Amino acid sequence: MATKVYIVYYSTYGHVEKLAEKIKKGAESVEGVEAKLWQVPETLSDEVLGKLGAPPKSDVPVITSNELAEADGVLFGFPTRFGMMAAQFKAFLDSTGTLWRTQQLAGKPAGLFYSTGSQGGGQETTPLTAITQLVHHGMIFVPIGYTFGAGMFEMEKVRGGTPYGAGTYAGDGSRQPSELELDIAFHQGKYFAGISKKLKGTA
């Protein structure tokens, strides 16, 4: 049976969604892996989103918490808000109490990716604070470390992403993920899928 990797994200302006799409391609490059994109429910009204200038949501399906249990591995993506995950994603994780009580996510690999507004805006604090969610579910955190190689040491260009996972800088919202940031996202998808496949094979 194929290894199921779910890429579950929240994206206000599309930056995290672009990373998610590239991560999906990376995961699907591993033989025997099926990757699926999911969005978490929006908690803001259309009126508020309109005032924020947020574009319409894509047609990626909205996940329910119980559907998480179907995955063999899950990558969670979100923008940062004051150095932590956005409230929309926290609200979704807060709805996973039943999965926690029944330990349905325990032992599953999990990874993180994210978008921040500035270079000091949470590229490390956002995943670091998000790890608590994985720990309480007993999930196995899979960082990318420095497996991407020389690209992790790029100093001449602005680059999101850390050993915790792929990342991008949104700036004022107009900046889009760079080619290097997308390459790191592809690598994360491929790397994570390979580990998920190995873990499923030994289960």
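Whatever comes next refers back to the structure up there.
The sections below set out a description of the structure shown in this document. Quick caveat, the model's predicted, so the values are computed rather than measured. (Residues numbered from 1 in each chain as written. Predicted model: local features only at pLDDT ≥ 70, side-chain atom pairs only at ≥ 80, totals over all residues. Heavy atoms only, no water.)

Once that is clear, we can look at the nonpolar core. With 24 residues, the main nonpolar core has Val 8, Ile 63, Leu 68, Val 74, Phe 76 and Phe 89 as its most contacted residues. Within the residue set of this core, elements represented by two or more residues are strand S1 (3-9), strand S3 (73-81), helix H3 (87-94), strand S5 (109-116) and helix H5 (125-137). Look past the residues within four positions of Val 74 in its chain and what remains in contact with it is Tyr 6, Val 8, Leu 68, Pro 109, Ala 110, Gly 111, Met 139 and Phe 192. (Core = buried A, V, L, I, M, F, W, Y, C linked by side-chain atoms within 4.5 Å. Buried < 20%, exposed > 50% of the residue type's maximum accessible area, 1.4 Å probe, protein only. Helix = DSSP H or I, 4+ residues; strand = E, 2+ residues; numbered from the N terminus. Contact = heavy atoms within 4.5 Å.)

This next bit is on the packing of helix H1 (residues 15-28) against helix H6 (residues 179-202). Two quantities define a packed helix pair, namely the angle between the helix axes and the distance between the axes. Between H1 and H6, the least distance of the axes is 7 Å, while the angle of their chain directions is 45°. Judged on the interaxial angle alone, H6 and H1 are oblique. Judged by the twist between their axes, the crossing of H1 over H6 is right-handed. Of H6, the residues touching H1 (which contributes Lys 18, Leu 19, Lys 22, Ile 23, Lys 25, Gly 26 and Ala 27) are Glu 181, Leu 182, Ala 185, Phe 186, Gln 188, Gly 189, Lys 190 and Ala 193. (Axes fitted to C-alpha atoms, helices over the stretch in contact; angles between N-to-C directions. Parallel < 35°, antiparallel > 145°, perpendicular 65-115°, else oblique. Left-handed = near helix turned anticlockwise from the far one by under 90°.)

As a further point, take the pattern of salt bridges. For the structure on display, the rule yields six salt bridges. In this structure, Asp 94 and Lys 90 form a salt bridge, with 2.7 Å as the shortest nitrogen-oxygen distance. Taken together, the residues span about one helical turn, with Asp 94 and Lys 90 both in helix H3 at a distance of four residues. Residue Lys 90 is classed as partly exposed on the basis of its relative accessible area of 32%. Arg 175 is the salt-bridge partner of Glu 181, the closest N and O atoms lying 3.1 Å from each other. (Salt bridge = Lys/Arg side-chain N within 4 Å of Asp/Glu carboxyl O.)

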